[in-house]
Amino acid sequence: LDGRAVKTPGKNALAFSSPGAAALIAAEFDAQGEEIDPGAMPCYRLANTAIDGVAADMQAVLEDILRYCGTDLLFYRAEGPETLVENQRKHWDAVVDWAEGLAGARFNLAEGIIHVAQPRETIAALGVHLKTVSDPLELAALHSMTTLTGSALLALAVWKGELSAADAWTAAHVDEDWNVAQWGEDAEAKDRRIRRWAEMDAADRLVKALQD
């Protein structure tokens, strides 16, 4: 940047294990005008988070993803109306089935919002897969997708190439989209969803770049 090596806010080198990931951040810098707008640079922000934060304690980030596995969005099903129930089945059942195959164990589903405990061996089996992530940026991207969707299972499916980011995003918003269909869309909520999708898309693009 202006002939100097780019640093993170924490004064660490903005360096990557993948040329593709570096190219994504470089493209965001190239798209800037007279002044840099970090709000328009989701890949850059995620990279800063990975280098300044996640790299210092990857185990804590991994454990946070596993906590989502214990209370995953996809485990809690509506009791009605039937159109919502069917939409949840359509977008969620195949992901749960795939994750059970990945873990070699079963999940417990529930109707309503009352907490249902998941088998420890199932969570532990998913943890084995997560521990294969050695790059802080890849783990940061996976954590970002988890928190954005409210579902570790959806994030894992995108990470493993089982589901596209767009399909995971649709699955994460089944309940919200049903409500919008009934009562209309709030402009503020719409803008927030657009911003959050930009973050989801950035995380997905970084994961793909790191895996190439």
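Look above for the structure.
As a convention, each chain's residues are numbered from 1 in the sequence order in which they are written. Under the rules for a predicted model, residues below a pLDDT of 70 receive no local features and side-chain atom pairs below 80 are neither given nor counted, while totals for whole chains, interfaces and linings still include all residues. To get the side-chain values, take all heavy atoms of the structure and skip hydrogens and water.

Q: Even after reading the chapter, I still don't get the overall build of the protein, so can you show me in this structure?
A: When you go through the protein residue by residue, the secondary structure sums to 10 helices and two strands. In this description a helix means any DSSP run of H or I spanning at least four residues, a strand means any run of E spanning at least two, and both kinds are numbered starting from the N terminus. Listing each helix as α and each strand as β along the protein from the N terminus yields α-α-α-β-α-β-α-α-α-α-α-α. The C-alpha radius of gyration of the protein comes to 18 Å, within 12% of the 17 Å expected for a compact globule of 212 residues. Across its three principal axes, the protein shows a C-alpha extent of roughly 60 × 40 × 25 Å. The globule rule used here is 2.2 Å times the number of residues to the 0.38 power, and the radius of gyration it is set against is calculated over C-alpha atoms.

Q: Where do I start with the packing of helix α1 (residues 19-30) against helix α2 (residues 42-52) in this structure?
A: A packed helix pair is summarised by two numbers, namely the angle formed by the two axes and the spacing between the axes. The contact between α1 and α2 brings their axes to 8 Å, and the two run at 125 degrees. Between α1 and α2, the angle is such that the two are oblique. Seen from above, α1 lies across α2 with left-handed handedness. Packed against α1, whose contacting residues are Leu-24, Ile-25, Glu-28 and Phe-29, the element α2 presents Pro-42, Cys-43, Tyr-44 and Ala-47 at the interface. An axis is simply a line fitted to the C-alpha atoms; with a helix, the fit covers only the stretch in contact. Between two such axes, the angle follows the N-to-C directions and lies from 0 to 180 degrees. Should an angle fall under 35 degrees it is taken as roughly parallel, and over 145 as roughly antiparallel, whereas 65 to 115 is taken as roughly perpendicular and any remaining angle as oblique. Two helices that cross are described as forming a left-handed crossing if the nearer one is turned anticlockwise from the farther one by less than a right angle, and a right-handed crossing if clockwise. Any two residues whose heavy atoms approach within 4.5 Å at even a single point are treated as in contact.

Q: How should I be thinking about the packing of aromatic side chains in this particular structure?
A: A ring pair, where both rings are aromatic, is described by two values, the distance of the centres and the angle of the planes. Pairing of aromatic side chains here covers Phe, Tyr and the six-membered ring of Trp, requires ring centres within 6.5 Å, and sorts the geometry by plane angle: under 30 degrees stacked, over 60 edge-to-face, intermediate tilted. The final tally for this structure, using the stated rule, is four aromatic pairs. Seen from their ring centres, Phe-29 and Tyr-44 are 4.9 Å apart, and the 70 degrees between their planes marks the pair as edge-to-face. One end of the pair, Phe-29, is in helix α1; the other, Tyr-44, is in helix α2, with 15 residues separating them in the sequence. The pair Phe-29 / Tyr-44 is uniform in exposure class, with both members buried. Directly above the ring of Trp-159 sits Lys-160, whose terminal nitrogen or CZ lies 4.8 Å from the centroid. Burial classification: accessible surface area is computed with a 1.4 Å probe over protein chains only, and a residue below 20% of its type maximum counts as buried, one above 50% as exposed, and the rest as partly exposed. Geometrically, a lysine NZ or arginine CZ counts as sitting over a ring once it is within 6 Å of the ring centre and also within 35 degrees of the ring normal.

Q: Please explain unusual backbone geometry as it appears in this structure.
A: Negative phi values dominate among residues other than glycine, just as trans dominates among peptide bonds. A cis geometry characterises the amide bond from Gly-80 onward to Pro-81, with omega recorded as -5 degrees. Note that Pro-81 resides in the loop between β1 (76-77) and α4 (82-103). The backbone phi angle of Lys-11 is positive, close to 70 degrees, even though this residue is not glycine. Relative to the assigned elements, Lys-11 resides in the segment before α1.

Q: Can you help me understand helix α6 (residues 136-149) in this one?
A: Side chains that are three or four residues apart share a direction in an α-helix, a result of its 3.6 residues per turn. If you check α6, its first and last C-alpha atoms are 20 Å apart, about what 14 residues at 1.5 Å a residue would give, namely 20 Å. Of all the 14 residues making up α6, 11 are buried; the element is thus mostly covered by neighbouring parts of the structure. Along α6, the positions that sit buried rather than exposed are Leu-137, Glu-138, Leu-139, Ala-140, Ala-141, Leu-142, Ser-144, Met-145, Thr-146, Leu-148 and Thr-149. At the N-terminal boundary of α6, the capping side chain belongs to Asp-135, with an oxygen 2.8 Å from the backbone nitrogen of Leu-137. Positive phi shows up at Gly-150, right after α6, with a value of about 75 degrees. Multiplying 1.5 Å by the helix residue count minus one yields the expected span of that helix. Counting of polar contacts relies on pairs of N or O atoms within 3.5 Å, with two restrictions inside protein: one atom must be capable of donating a hydrogen and the other of accepting it, and residues adjacent in sequence are counted only when both atoms are side-chain atoms.

Q: Please explain helix α3 (residues 58-70) as it appears in this structure.
A: Compared with the 18 Å implied by 1.5 Å per residue over 13 residues, the 19 Å span of α3 between its first and last C-alpha is a close match. Three or more residues of α3 are buried, namely Val-61, Leu-62, Ile-65, Leu-66, Cys-69 and Gly-70. Buried residues along α3 sit against β1, α5 (120-130), α6 and α7 (152-159).

Q: What exactly am I supposed to notice about a negative patch on the surface here?
A: A surface patch of like charges, here negative, comprises Glu-185, Asp-186, Glu-188 and Asp-191. With respect to the helices and strands, Asp-186 occurs in the loop between α9 (174-183) and α10 (187-211). Residues qualify for a patch when their relative accessible area is over 30% and they have no salt bridge, like charges being joined within 9 Å and the nonpolar side chains of Val, Leu, Ile, Met, Phe, Trp and Tyr within 5 Å. Where accessible areas are quoted, they stem from the Shrake-Rupley method and a 1.4 Å probe; at the residue level, only the protein chains shown are allowed to cover. The term salt bridge refers to a side-chain nitrogen of Lys or Arg lying within 4 Å of a carboxyl oxygen of Asp or Glu. The charge count treats Lys and Arg as positive and Asp and Glu as negative. His and the chain ends do not count. Charged side chains are reduced to one point each, which is NZ for Lys, CZ for Arg, CG for Asp and CD for Glu.

Q: What is the right way to read the pattern of salt bridges from this model?
A: Proximity of charged atoms lets side chains of opposite charge pair with each other. Per the counting criterion, the structure on display carries 10 salt bridges. With its nearest N and O atoms 3.3 Å apart, the salt bridge here joins Glu-82 to Arg-89. Across the pair Glu-100 and Arg-106 runs a salt bridge, and its minimum N-O distance is 3.0 Å. If you follow the salt bridges from partner to partner, you end up with Glu-82, Glu-86 and Arg-89 in one network.

Q: Explain the side chain of Ser-18 here, please?
A: Tracing the backbone through its elements, the reader meets Ser-18 in the segment before α1. If near-sequence neighbours (up to four positions away) are discounted, Ser-18 is found in contact with Ala-209 and Leu-210.

Q: What's the story with the side chain of Ser-144 in this structure? I'm lost.
A: Its place among the elements puts Ser-144 in helix α6. Leaving out residues up to four positions away in the same chain, Ser-144 has contacts with Leu-46, Glu-199 and Ala-203.

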